[in-house]
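Structural description and commentary
Below are the chains, spelled out letter by letter.
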Amino acid sequence: MKKFLLSIALLSASMMLSQAQDYLPKWKEGYMDIHTIATGRGDATFIVMPDGTTLMIDAGDNGKTKDKQHPDTTKRAGEWQAFYMQKVMEGLPGNGKVDYAMITHFHDDHMGHTRQMLEGKNGYGLSGITLVGEIIGYNKLLDRGWPDYDFPTKNVNGANRKFMPHYHKFVKYQMSQGMKMEQFKAGALNQISMVHNPKKYRKNFEIRNLAANACVWTGQGEKVMKNYKGDLKLFDENMNSCALRITYGNFRYFNGGDLSGGNWKAYKSLDRDMETPVSKVCGKVDVAKANHHGYYDTCNGAFLNNLSPEVMIIDARSNNHPVPSTMKRMTDPFVWTTPGEFYITVDQSRGKLGEELWSYFKPWGHIVVRVYEGGKEYQVFVLDADTTDYPIIYSSDIKKAGL
């Protein structure tokens with residue numbers, strides 16, 4: 001009898017543990033998954049399209065020890081990003097490499113840095129984009145500057161002066177191994193497109209390039225217009241960020257790197273409002289990644305109103321992501337109709353924001369937006385970023401897309 005009761009108790013405990021450790025069901029064809037990966041050292045978004053085509057947007061590692069890294073420091077941020085993506089890619093079609101990788105702009109928290117850089121075997125150091133590329137590999141890589149890297153001037157390397165030579169060597173070597181390289185073209189439709197079963201989804205799936213190098217899609221064909229009149233030498237790297245909109249059925253997603261929404265004293269350029277023209281041609285979306293981590297110069301009123309996302313994601317890495325002034329604007333009903341939910345990757349800013357503003361966020365961690373078959377509904381999940389098996393710690397209700 002005692003043995004029987006012990007068996008029942010163990011079974012009950014096992015069932016409770018199983019219920020506590022709930023995991024995201026594997027991707028299946030027809031779903032689109034958008035993973036915002038939380039490392040605390042830089043931006044990284046990984047997307048699985050409805051046919052299994054993969055897209056990585058940024059692989060950042062600023063190498064700053066003051067920014068707490070998740071899940072721990074036994075690996076570099078790029079290694080953890082690759083580890084996460086490899087788990088997601090299990091069972092996907094293709095050759096095991098990421099189909100498309102793109103860098104929104106040349107800042108360390110989006111592509112890597114020489115701080116804590118690992119030594120490579122092919123003539124370049126490994127951090128961020130080069131480290132993930134060395135572990136997994138890319139079929140095609142896009143950035144805003146290839147092949148000449150001369151916009152706004154030949155001094156474009158100044159944006160990430162120490163790491164850019166390693167990146168250039170990485171590109172050259174990987175191209176010799178078969179990787180394709182392209183410049184991200186503002187205005188282009190389906191420069192990034194499905195590669196495994198595109199015919200099945202071509203009627204209700206597209207990726208529109210909205211902006212790059214301070215040029216913005218006009219909304220007509222693939223035409224673009226320059227969003228600047230001033231001295232190019234006064235440009236900062238953020239305003240050159242690549243931005244895109246992904247449409248699947250009724251669902252829309254926006255990612256604009258670190259696009260700026262206005263000027264501030266740190267910069268002399270007067271042409272820094274990229275958010276307003278980009279948001280006008282983008283239109284309403286269901287989910288948006290906040291530009292520049294919700295810093296001082298982003299998420300202006302026009303951007304918030306034009307996109308009106310139901311879900312706002314902040315890919316954070318410091319106590320200024322987001323700053324209180326931006327968070328107050330994003331949650332102010334007199335500025336715009338606020339979104340239903342806010343999500344954030346790490347909790348570095350909690351103390352600076354204060355509990356009132358922090359209370360708007362769902363639990364922090366890896367953020368997964370799962371768009372269900374046909375793009376009519378979607379759901380948001382938060383996965384534990386301090387583990388390596390990623391149990392679900394929060395799941396939203398299923399939402400209708402396109403409202």
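Shown above is the structure to which this text applies.
Considerations on the overall build of the protein chain
- Counting its regular elements, the protein chain contains 11 helices and 18 strands.
- Compactness check: the protein chain gives a C-alpha radius of gyration of 21 Å against a globular reference of 22 Å for 403 residues, within 12% of the reference.
- Along the longest, intermediate and shortest principal axes, the C-alpha atoms of the protein chain span 85 × 55 × 45 Å.
- Residues counted as buried form 56% of the 403 residues belonging to the protein chain.
- Looking at the protein chain as shown, the accessible area adds up to about 17100 Å², and 51% of this sits on carbon and sulfur atoms.
- Side-chain charges of the protein chain comprise 50 positive and 44 negative groups, with the mean position of each set lying 2 Å from the other.

Comments concerning the sheet that holds strand 14 (residues 341-344)
- Read from one edge of the open sheet, 8 strands run 9-8-7-10-11-12-13-14, paired in mixed fashion. Only two strands of the sheet have a single partner each, and these edge strands are strand 9 (224-226) and strand 14. In this sheet, adjacent strand axes meet at a mean angle of 20 degrees when their direction is disregarded.
- Relative to strand 12 (residues 287-289), strand 11 (residues 251-255) runs parallel, the two sharing 2 bridges. Within the sheet, the bridge partner assigned to Phe254 lies in strand 12 and is Ala288.

A word on the pairing of strand 13 (residues 311-314)
- Of the two faces of strand 13, the one carrying Val311 and Ile313 and the one carrying Met312 and Ile314 are both buried.
- For the handedness criterion, the β-α-β arrangement of strand 12, helix 8 (residues 301-307) and strand 13 is classed as right-handed.
- Two elements, strand 13 and strand 14, share 4 bridges in a ladder whose sense is parallel. Along strand 14, the bridge assignment pairs Val311 with Glu341.
- For the segment spanning strand 13, helix 9 (residues 324-330) and strand 14, crossover handedness is right-handed.

Examining the pattern of salt bridges
- Per the stated rule, a full pass over the model turns up 14 salt bridges.
- In this structure, Asp236 and Arg272 form a salt bridge, with 2.6 Å as the shortest nitrogen-oxygen distance. Of this pair, Asp236 sits in the loop between strand 9 and strand 10 (243-248) while Arg272 sits in the loop between strand 11 and helix 7 (275-282), and the two are 36 residues apart along the sequence.
- A salt bridge links Asp297 to Arg272; the shortest N-O distance between them is 2.9 Å. One end of the pair, Asp297, is in the loop between strand 12 and helix 8; the other, Arg272, is in the loop between strand 11 and helix 7, with 25 residues separating them in the sequence. Assigned by exposure class, Asp297 and Arg272 land together as buried.

Quick look at the nonpolar core
- Counting 43 residues, the largest nonpolar core has Phe46, Met56, Ile129, Tyr138, Leu141 and Tyr167 as its most contacted members.
- At the level of elements, strand 2 (44-48), strand 3 (54-59), helix 2 (77-89), strand 4 (98-102), helix 4 (129-135), strand 5 (138-143), helix 5 (164-176) and strand 16 (377-383) are the ones that each hand at least two residues to this core.
- Counting residues per element, this core draws most heavily on helix 2, which supplies 5 residues.
- Met274, Phe342, Phe361 and Ala385 belong to the second largest nonpolar core, which has 38 residues in total.

Comments concerning the environment of Gly351
- Along the chain, the position of Gly351 falls in helix 10 (residues 350-353).
- For the pair Gly351 and Asn319, spaced 32 residues apart in sequence, the C-alpha separation works out to 7.6 Å.

What about unusual backbone geometry?
- In the segment running from His70 into Pro71, the intervening peptide bond is cis, with an omega of 0 degrees.
- The omega torsion across Trp146 and Pro147 is 0 degrees, close enough to zero to call that bond cis.
- Within the fold, Pro147 resides in the loop between strand 5 and helix 5.
- We note that Asn213 has phi near 55 degrees; this positive angle belongs to a residue other than glycine.
- You can see Asn213 is positioned in the loop between strand 7 (205-212) and strand 8 (215-217).

Focus on the side chain of Asn238
- The residue Asn238 is located in the loop between strand 9 and strand 10 in this model.
- Among the polar contacts listed, one links the side chain of Asn238 to the side chain of His105, at a separation of 3.4 Å.
- Excluding anything up to four places from it in sequence, Asn238 contacts His105, His107, Asp258, Leu259, Ser260, Tyr267, Arg272 and His292.

Examining the packing of aromatic side chains
- For the coordinates displayed, the defined rule picks out 23 aromatic pairs.
- Their ring planes at 85 degrees and their centres at 5.2 Å tell us that Tyr31 and Tyr372 sit as a pair that is edge-to-face. One end of the pair, Tyr31, is in the loop between helix 1 (2-20) and strand 1 (32-36); the other, Tyr372, is in the loop between strand 15 (366-371) and strand 16, with 341 residues separating them in the sequence. As far as the burial class goes, Tyr31 and Tyr372 line up, both buried.
- Residues Tyr295 and Tyr296 carry aromatic rings whose centres are separated by 4.8 Å and whose planes lie at 65 degrees to one another, so their mutual orientation is edge-to-face.
- Above the ring of Trp80, the side-chain terminus of Lys75 is found at 5.4 Å from the ring centroid.

Analysis parameters
Residues numbered from 1 in each chain as written. Predicted model: local features only at pLDDT ≥ 70, side-chain atom pairs only at ≥ 80, totals over all residues. Heavy atoms only, no water. Helix = DSSP H or I, 4+ residues; strand = E, 2+ residues; numbered from the N terminus. Rg over C-alpha atoms; globule rule 2.2 N^0.38 Å. Buried < 20%, exposed > 50% of the residue type's maximum accessible area, 1.4 Å probe, protein only. Areas by Shrake-Rupley, 256 points an atom, 1.4 Å probe, with all protein chains shown as cover. Lys, Arg positive; Asp, Glu negative; His and termini not counted. Charge placed at Lys NZ, Arg CZ, Asp CG, Glu CD. Pairing = 2+ DSSP bridges. Axes fitted to C-alpha atoms, helices over the stretch in contact; angles between N-to-C directions. Right-handed = clockwise from strand over helix to strand, strands pointing away. Salt bridge = Lys/Arg side-chain N within 4 Å of Asp/Glu carboxyl O. Core = buried A, V, L, I, M, F, W, Y, C linked by side-chain atoms within 4.5 Å. Polar contact = N/O pair within 3.5 Å; in protein donor to acceptor, adjacent residues only side chain to side chain. Contact = heavy atoms within 4.5 Å. Phe/Tyr/Trp six-rings, centres within 6.5 Å; stacked < 30°, edge-to-face > 60°. Lys NZ or Arg CZ within 6 Å of the ring centre and 35° of its normal.

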